[in-house]
Amino acid sequence: MARIVFTVLWVAVLVLVNRSLHDTVWAQYLATFLLGGLYALALSKVGILRAGSRSEGSK
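About the cut-offs
Residues numbered from 1 in each chain as written. Predicted model: local features only at pLDDT ≥ 70, side-chain atom pairs only at ≥ 80, totals over all residues. Heavy atoms only, no water. Phe/Tyr/Trp six-rings, centres within 6.5 Å; stacked < 30°, edge-to-face > 60°. Helix = DSSP H or I, 4+ residues; strand = E, 2+ residues; numbered from the N terminus. Buried < 20%, exposed > 50% of the residue type's maximum accessible area, 1.4 Å probe, protein only. Patch = residues over 30% accessible without salt bridge, like charges linked within 9 Å, V, L, I, M, F, W, Y side chains within 5 Å. Areas by Shrake-Rupley, 256 points an atom, 1.4 Å probe, with all protein chains shown as cover. Salt bridge = Lys/Arg side-chain N within 4 Å of Asp/Glu carboxyl O.

1. Focus: the packing of aromatic side chains
Taken as a whole and assessed by the stated rule, the structure comprises three aromatic pairs. The interplanar angle of 5° and the centroid separation of 5.7 Å between the aromatic rings of Phe-6 and Tyr-39 together place this pair among those described as stacked. Highlighted residues: Phe-6 in helix α1 (residues 2–20) and Tyr-39 in helix α2 (residues 25–45), separated in sequence by 33 residues. Its relative accessible area of 19% is what places Phe-6 among the buried residues.

2. A few points about a nonpolar patch on the surface
Judged by side-chain polarity, Met-1, Ile-4, Val-5, Val-8 and Leu-9 come together as a nonpolar surface patch covering roughly 550 Å² of accessible area. With respect to the helices and strands, Ile-4 occurs in helix α1. The exposure class assigned to Ile-4 is exposed, which follows from its relative accessible area of 53%.

Have a look at this one:
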């Protein structure tokens, strides 16, 4: 559930950033790339957002 909430909030941030950079296409691409990388990093490093973090310990 935390992953879904985090994803929805992240999409809202991405949309707001892209709307604020409306006239500069290169900045939109750069912001999308950077925010996508930060999203992937957050999903892999934050314990509550990692998929299967509880089941990995029981194997």
